[in-house]
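Observations on the model geometry
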Amino acid sequence: MRNPFFAVLFAILLLSACCHGSRFAASAEAPTQSSAQSSEQSSAHRRTPAPMLTPGLDHPGEPFSYFAQPTDEIGVMDAQAATEITPEGYLRTGSAELLFYTGPGQDRLLVPVHARLRTLTQGHLPIDHFAVARNGIDYRFTVFAATLDGSSSGTLVNFVRVRLVNTTSQPTRAVFAVATRYDAEPNTAAQRHGQFRFDRPVAGRFPGDYRQPGETFDPHWVYSFASSPGGGFLRSGELIYTFPSVLQTSLGSARVYRSLTFATRYNEPPNLSPRTLAIDPTTAIGLTRWMPVLAPHASLTLDLKMPVMPTSNAATIAAIEATSLDQARAQITAFWQGILAQGMQVTLPEPKVTDTFAMSLVYDLIARDHIGPNYIQTVNKLHYHSFYLRDGADIAHMYDLTGYPAIARQVLDFFALSQKPDGNFLSQPQQYDGWGEALWAYGQHYQLTHDRAFAAWALPQIDRAVNWLVAARQQDPLHLIPASNVLDNEYIPGHLTGYSFLALSGLRVSIAMAQDTGRDDLARKWQPVYDSYRSTFLAVLDKQAAANHNVIPPALDGDSSGQFWGNLLAVVPEPTLDPFDPRVTATLRAAQARYAEGIMTYGDGRFLHHYLTIKNTLTEVVRDDNQDQIEATRELYALLLHTSSTQAGFEFAMRPWGERNFQDNLAPHGWFAAEYRTLLRQMLLREDGTDLHLLSVLSPAWIGPGKTIAIANAPTRFGPVAFTLTQPGAAHATLTLDTHFTAAPHRLILHIPWFLRITAAEADGKPIAVSNGTLRLSPDTRELHLQWSHIPAAPGATLSYDHAVTAYKTEYARRYAAWMQGQAPQ
């Protein structure tokens, strides 16, 4: 929650019971209310059930999609812009929107398309599919973006194919139309853009600042249709979209009907002469329409092309017209399949789990900008098209963990631009977690790559950063990272606990990098800084946690309020406290008590928060007792439940058991994508000191005859790892290991799922005993034979993605019935 709009939005919501749908009833004077009034309103807001939607939103037999008003993003890796697919199914760029219509309707010829449910090619490639049906005709859309030359800097074009299918046994007329507009209707008078849309155009003030290439609405634009044979709609000579002039069917041809506006004079042909139009930014113009009659069960296709940046260049327009949709689709399919094949491969019996793993990588790569020499990792190219050290560090770490070290290095190179002259790493004012995030991102990259050239580049930056920390601590009354009043994430002023956890994590891995690369001088200099900071911090933490029922508070200044965030980082990314420290346990349980719909809440329980949950789940993976395994598995499925059918995660702003509406906090969210990939990797494979852990958390849905669990091409600190667990029968399995260690771990630790009992185990032909729910193996083990039995009535034994979806639908329907009857659901 870093975009200024969302900081204001959250402040309004925090101080008022104002949320109904996406319209806010709070007045401008709301922030001046007294604390008592605010507390009373907040309490009332929590007690008031959120407005709900009819359970009929989710149709049986269709993929489940959590969002009621989904947004999607199509683009290519490293381009400077992308396109939003709006909740309706329209395409929004920085300069225009492309609209679709079918017909006839009951009271009008053309009815705007609204296609909530979308799917992806192969479940994880950025080629979106959706459909609407009307009068026996299916209108099946395929939508994606590609550059004409296959490079990130080439002309970026949106390709749309609409297949019209007569599903009846008699000839039937199809009615399909396309138009364009500058923007949708805004939600409030103060809003600069339409609802569920990103703000544009915006010129960033510096590299990494929020930016949206595009054009400002101009009432003097001249609109026209191109005279070329292919057909195109122009705005002041720039191509907005192309279209076919004629559609051929077995029953004849259908020529395109064109009109600059929807309104034409009675009984007169449309005026197609180029001219300005007296229109608002929200007026639909540039109408093209086809009305072919299709034979029974026949179909036809029409292709549209929309340059992401309108162009008047004749050569570029000719290239757009000459590039077929099939050519472009083959190009991007090969590109993304190649990218996915380079990294860690995961095979599991549940496609939703692995499709989200793959598509999350794609979303983060689409979010990356390549501008001049800089590779800038943003969160998405919608409303979070900007760089943050906190998000960027976790995204870079994901690249490293899952087999993309070169991409991670490119991203990390840009971090250096956020180091200030005084040595501090800061990408946004007062967000001092950037200091620890930057150091940790550098250190973890070295741990996984052992790239000494990178270390030589990073260590001087770290040394300047440590000098800043030493000076800043001398000026701080608690001798910690300075206090901030940024009112973001923890949403409380003061010394934020997470900033100290991250500082210690960054120092810890930096010292290890210095030691490993022969820079003992730096290691000796930094170790006392680490020791002093840890001692000072823990003394303050001990006092504050003791006064807060052992729960680690978000801030360290005596006020235990604020939102859970960085206080959840005691164990990850690096362990500051023991995983079973009573404060860790108390904080984890307090966080879980805040859950709704199986995931973390924010704003004192008023909003769901998607990726914040993963901080807890990663801690549970490390703790790894039976209860934590169960919780981690439940949370995995709760996280997946709250994604779209295109595997997109969100941030916050949704009310629990409410309208499933993230308002203008648009999906996909890159921090969720990175954290999800990291989580699944850690569940299957994780390092802990000199040990390498295998299968820390397994779902019951992945165990059974004929099912396979496998990873390949997985980097670790010790070298690449691959393994395959095959299950030829219900009571036995074989784990085959293919490791190429450059520095072998002390041991391999295989975890036994809570719902299984091992009856016999052999490692390379030698019996091995279970110890504390694990099998401890030599690092050179190649094959492990297991015999097991299921523990009767084990808790959580039915956990799966499908079970999570069914349980959610059932509970939502129960709450809906109570809400409709005026009852408060229990």
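What you are looking at is a predicted structure, and each value in this text was computed from that prediction instead of being measured.

Parameters at a glance
- Residues numbered from 1 in each chain as written.
- Predicted model: local features only at pLDDT ≥ 70, side-chain atom pairs only at ≥ 80, totals over all residues.
- Heavy atoms only, no water.
- Helix = DSSP H or I, 4+ residues; strand = E, 2+ residues; numbered from the N terminus.
- Rg over C-alpha atoms; globule rule 2.2 N^0.38 Å.
- Buried < 20%, exposed > 50% of the residue type's maximum accessible area, 1.4 Å probe, protein only.
- Contact = heavy atoms within 4.5 Å.
- Areas by Shrake-Rupley, 256 points an atom, 1.4 Å probe, with all protein chains shown as cover.
- Lys, Arg positive; Asp, Glu negative; His and termini not counted.
- Charge placed at Lys NZ, Arg CZ, Asp CG, Glu CD.
- Pairing = 2+ DSSP bridges.
- Axes fitted to C-alpha atoms, helices over the stretch in contact; angles between N-to-C directions.
- Expected span 1.5 Å × (residues − 1).
- Phe/Tyr/Trp six-rings, centres within 6.5 Å; stacked < 30°, edge-to-face > 60°.
- Salt bridge = Lys/Arg side-chain N within 4 Å of Asp/Glu carboxyl O.
- Arc of directions from axis to C-beta.
- Core = buried A, V, L, I, M, F, W, Y, C linked by side-chain atoms within 4.5 Å.
- Parallel < 35°, antiparallel > 145°, perpendicular 65-115°, else oblique.
- Left-handed = near helix turned anticlockwise from the far one by under 90°.
- Nonpolar A, V, L, I, M, F, W, Y, C, P; charged D, E, K, R; others polar.
- pLDDT = per-residue confidence, 0-100.

**Points about the overall build of the protein**
When helices and strands are counted, the protein shows 16 helices and 37 strands. In terms of overall dimensions, the protein is globule-like: its C-alpha atoms have a radius of gyration of 28 Å, near the 28 Å expected for 826 residues. The principal-axis extents of the C-alpha atoms in the protein amount to approximately 85 × 65 × 60 Å. Across the 826 residues that make up the protein, the buried fraction comes to 61%. A fraction of 70% describes how many contacts in the protein between residues 6 or more apart in sequence connect residues 24 or more apart. Of the roughly 30100 Å² of accessible surface on the protein, 53% is carried by carbon and sulfur atoms. Here the protein contributes 64 positive and 74 negative side-chain charges, whose respective centroids are spaced 4 Å apart.

**Focus on the sheet that holds strand S28 (residues 685-688)**
Spatial ordering of the open sheet is given by S28-S29-S33-S36, a layout of four strands whose pairing is mixed. At either margin of the open sheet sits one strand with a lone partner, and together these are S28 and strand S36 (774-777). Looking at each pair of strands side by side, their axes are set apart by 25° on average, direction ignored. Relative to strand S29 (residues 691-694), S28 runs antiparallel, the two sharing four bridges. Bridge pairing links Leu685 to Leu694 in S29. Those strands touched by helix H15 (residues 670-684) are S28 and S29, and its axis lies near 75° from that of S28.

**Here's the deal with helix H11 (residues 520-546)**
The terminal C-alpha atoms of H11 lie 38 Å apart, and with 27 residues this matches the ideal 39 Å at 1.5 Å per residue to within 8%. Of the positions making up H11, those classed as buried are Leu522, Ala523, Trp526, Val529, Tyr530, Tyr533, Phe537, Leu538, Val540, Leu541, Gln544 and Ala545.

**Some remarks on unusual backbone geometry**
Residue Pro573 is bonded to the preceding Val572 through a cis peptide linkage, with omega at 10°. With respect to the element layout, Pro573 can be found in the loop between H11 and helix H12 (582-592). Note that the residue after Ala667, namely Pro668, is joined by a cis bond; omega there is 5°. Within the element layout of this structure, Pro668 appears in the loop between helix H14 (626-641) and H15. In this structure, His297 is a non-glycine residue whose phi angle is positive, near 60°. Within the element layout of this structure, His297 appears in the loop between strand S21 (293-294) and strand S22 (299-307).

**Side note on the environment of Asp391**
Tracing the backbone shows Asp391 in helix H6 (residues 389-401). Judged by its relative accessible area of 1%, Asp391 falls in the buried class. Sequence separation between Asp391 and Val379 is 12 residues, and the spatial gap between their C-alpha atoms is 7.2 Å.

**Some points on the packing of aromatic side chains**
Within this structure, the stated rule accounts for 45 aromatic pairs. Seen from their ring centres, Tyr66 and Tyr808 are 5.7 Å apart, and the 55° between their planes marks the pair as tilted. With Tyr66 in the loop between helix H2 (35-47) and strand S3 (72-74) and Tyr808 in helix H16 (residues 801-820), the pair connects residues that are 742 residues apart, well separated along the chain. Taking the relative accessible area as the measure of exposure, Tyr808 reaches 3% and is therefore buried.

**Considerations on the pattern of salt bridges**
Under the defined criterion, the tally for this structure stands at 33 salt bridges. With a shortest N-O distance of 3.1 Å, Asp369 and Lys381 are connected by a salt bridge. Placement of the pair is Asp369 in strand S24 (residues 368-371) and Lys381 in the loop between strand S25 (374-377) and H6, with a sequence separation of 12 residues. Judged by relative accessible area, Asp369 falls into the buried class, the value being 2%. When salt bridges that share partners are traced, they join Glu88, Arg92, Glu97, Arg181, Asp183 and Arg197 into one network.

**Considering the sheet that holds strand S31 (residues 721-726)**
Across the sheet, seven strands lie side by side as S23-S30-S31-S32-S37-S34-S35; this open sheet has antiparallel pairing. Whereas interior strands pair on both sides, the edge strands pair on one side only; in this sheet they are strand S23 (345-347) and strand S35 (766-767).

**Details of the environment of Ile376**
With respect to the helices and strands, Ile376 occurs in strand S25. Distance in space between the C-alpha atoms of Ile376 and Asp413 is 9.1 Å, their sequence separation being 37 residues. Ignoring sequence-local partners within four residues, the contact set of Ile376 consists of Pro207, Gly208, Ala367, Arg368, Asp369, Ile371, Phe387 and Phe414.

**Focus on the pairing of strand S20 (residues 285-290)**
With six of six residues buried, S20 lies mostly within the body of the structure. As judged from the four bridges shared by strand S13 (residues 175-181) and S20, these two strands associate in the antiparallel manner. Within the sheet, the bridge partner assigned to Phe176 lies in S20 and is Trp290.

**Here we look at the pairing of S24**
The side chains of a regular strand alternate between both faces of the sheet. With four bridges joining them, S24 and S25 adopt antiparallel strand pairing. Paired with Ile371 across the strands is Asn374, a residue of S25. Linking S24 to S25, which pair antiparallel, is a turn of two residues; within it Gly372 sits at a positive phi near 60°.

**Notes on helix H7 (residues 405-415)**
Those residues of H7 not exposed but buried are Ile407, Ala408, Val411, Leu412, Phe414 and Phe415. Each buried residue of H7 lies within a common arc of 150° when the element is viewed along its axis, so the set occupies one face.

**Notes on the nonpolar core**
One finds Tyr399, Phe415, Tyr637, Leu680 and Trp702 to be the most contacted residues of the largest nonpolar core, which totals 193 residues. Membership of the second largest hydrophobic core comes to 57 residues, among which are Leu98, Val162, Val256 and Leu300.

**Describing the packing of helix H9 (residues 452-475) against H11**
Between H9 and H11, the shortest axis-to-axis distance is 11 Å and the interhelical angle comes to 40°. The angle between H9 and H11 falls in the class oblique. Both H9 and H11 take part in a crossing whose hand is left-handed. Contact with H9, carried on its side by Leu459, Ile462, Asp463, Val466, Asn467, Leu469, Val470 and Arg473, involves Leu522, Lys525, Trp526, Val529, Ser532, Tyr533 and Thr536 of H11 and no other residues of that element. Taken together, the residues of the contact of H9 with H11 break down into nine nonpolar, three polar and three charged.

**Notes on the confidence of the model for the protein**
Segments scoring low in pLDDT should not have their predicted coordinates read at a detailed level. With 94% of its residues at a pLDDT of at least 70, the protein reaches an overall mean of 93. A low-confidence stretch, residues 12-45 stays under pLDDT 50, and its non-local contacts, those more than four residues away or across chains, total 46 contacts.

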